[in-house]
There are 2 protein chains.
Amino acid sequence: MLKISELAAKTGLSAHTIRFYEKHDLIRASERSEAGYRYYNDSDIRRAEFVKAARNIGFSLEDISQLLSIRVDKTSHSCQEVTDITQHKLDEVNEKISELESMQNTLQILLKSCCGGPEKATHCSIIEALEAGAVVKDRGAA
Amino acid sequence: MLKISELAAKTGLSAHTIRFYEKHDLIRASERSEAGYRYYNDSDIRRAEFVKAARNIGFSLEDISQLLSIRVDKTSHSCQEVTDITQHKLDEVNEKISELESMQNTLQILLKSCCGGPEKATHCSIIEALEAGAVVKDRGAA
DNA sequence: GTTGACCTTAGAGTCAACTCTAAGCTTATA
DNA sequence: TATAAGCTTAGAGTTGACTCTAAGGTCAAC
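Thresholds, definitions, all that
- Residues numbered from 1 in each chain as written.
- Chains lettered and ligands numbered in written order.
- Predicted model: local features only at pLDDT ≥ 70, side-chain atom pairs only at ≥ 80, totals over all residues.
- Heavy atoms only, no water.
- Core = buried A, V, L, I, M, F, W, Y, C linked by side-chain atoms within 4.5 Å.
- Buried < 20%, exposed > 50% of the residue type's maximum accessible area, 1.4 Å probe, protein only.
- Contact = heavy atoms within 4.5 Å.
- UniProt positions renumbered as here; feature names shortened; annotations may be inferred.
- Helix = DSSP H or I, 4+ residues; strand = E, 2+ residues; numbered from the N terminus.
- Least-squares fit on C-alpha atoms with pLDDT ≥ 70 in both.
- Phe/Tyr/Trp six-rings, centres within 6.5 Å; stacked < 30°, edge-to-face > 60°.
- Lys NZ or Arg CZ within 6 Å of the ring centre and 35° of its normal.
- Near = heavy atom within 4 Å.
- Polar contact = N/O pair within 3.5 Å; in protein donor to acceptor, adjacent residues only side chain to side chain.
- Nonpolar A, V, L, I, M, F, W, Y, C, P; charged D, E, K, R; others polar.

By the naming in an unreviewed UniProt entry, chain A is Zn(2+)-responsive transcriptional regulator, taken from OM182 bacterium MED-G28.

**Details of the nonpolar core**
Ranked by size, the top nonpolar core spans 83 residues in total, and within it A:Ile27, A:Leu130, B:Ile27 and B:Leu130 carry the most contacts. If sequence neighbours within four positions are ignored, A:Leu130 has contacts with B:Phe50, B:Ala53, B:Ala54, B:Ile57 and B:Leu67.

**Topic: the UniProt feature "domain: HTH merR-type" (unreviewed entry) in chain A**
Following the UniProt record, the feature "domain: HTH merR-type" (unreviewed entry) maps to residues 1-70 of chain A here. Between the C-alpha atoms that bound residues 1-70 of chain A there is a distance of 25 Å. The span itself is 61% helix and 6% strand.

**Looking at the relation of the copies chain B and chain A**
Between chain B and chain A, which share one sequence, the superposing operator has a rotation angle of 180° and an axial displacement of 0.0 Å; the RMSD is 0.0 Å. When the rotation and shift are considered jointly, the pair of chain copies conforms to a two-fold rotation axis. The rotation axis passes nearest to the C-alpha of B:Ile97 in chain B, at a distance of 3.0 Å. Interface overlap between copies is the fraction of interface residues in one copy that are interface residues in the other; for chain B against chain A it reaches 100%, indicating a shared surface.

**Quick look at the packing of aromatic side chains**
Residue and element names in this part refer to chain A. If you walk through the whole model with that rule in mind, you get two aromatic pairs over all chains. Ring geometry for phenylalanine 20 against tyrosine 21: centres 5.9 Å apart, planes inclined by 45°, an arrangement best described as tilted. Seen from the ring of phenylalanine 50, arginine 71 lies directly overhead, with NZ or CZ sitting 5.1 Å from the centre.

**Some points on the protein's contact with DNA strand D**
Residues in close proximity to DNA strand D total 17 residues, the closest being A:Phe20, A:Tyr21, B:Ser5, B:Tyr37 and B:Arg38. When the atoms of DNA strand D within 4 Å of the protein are sorted by group, sugar and phosphate make up 67%. Contacts to DNA strand D include A:Leu61, whose backbone N or O atom sits 3.4 Å from a phosphate oxygen. A distance of 2.7 Å separates a phosphate oxygen of DNA strand D from a polar atom in the side chain of B:Arg38. Where the surface near DNA strand D is concerned, the elements lending two or more residues are α2 (15-23) of chain A together with α1 (4-11) of chain B. No other element matches the four residues that α2(A) contributes to the surface near DNA strand D. Residue composition of the surface near DNA strand D, grouped by class: seven nonpolar, five polar and five charged.

Listed below in structure tokens is the structure:
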């Protein structure tokens, strides 16, 4: 049985974050001491580690909430539900990557075009490019 | 001279956003009608388009604020100041891309490992991987 | 027996960049 | 002239994931 600071040390989450996750039903402390201190058993610890692993991969708390409800009752859920969540996350990640690569590209071009020296910025090609509307791609309603 | 909705149409920003940018000193309306309506002249419009271009590339409002102060007094600033801002942004973008690629990688591995079918999730390999601590990389204090 | 580290709670604050609301003028159109 | 579209303001709300605060109770060590 671990106290909250011990669970924090074990998972790499802060005690604050653990309480915050509890409020959102992601982590539970099966027991409490008489004084109200949280105590985490093995099952609680595994659940907390599951949450941390999912978080590291980039799943949102909402995603994790769904994954947890699958985890606690595996026979009522299919693999497809799990892959749907995972695929959806991958789609999001892929989209963000392309947005960022587009920015990366433009930034690299801008950097190459500019001397970057102590010269006055009077004819700075980066400023000029922005004035000319150095358009990459409108990120729209993303 | 354009009214706010016309500037909005021209730049692709919303009127709300234009007012919001004004509050943050990014965009100005050089004139106002007697009733208080904003009117944008050519210089205002170019400034607004500069802001939009910089925003599309991914610069923060804070970055843009700096770029604008260079733009309005180019002789007091050097190209190096501009490339510093740009390089810093590129570094940020590069870091986010690697984080996302790490997530992408893990998600792809997870998806490949799972049947994704209508089978019960009893032995779902994605859930199992998360239980085993499918660690990618701690995103730390980023 | 007292310091200091640790725990509790409810609730507020943070960040960035919007986005919206309410209440009330102004202007253009039919 | 009436209606609708458009403009004004200050200020509040949104999103997601924390992060911190205040005020106080608990526990281990010296």
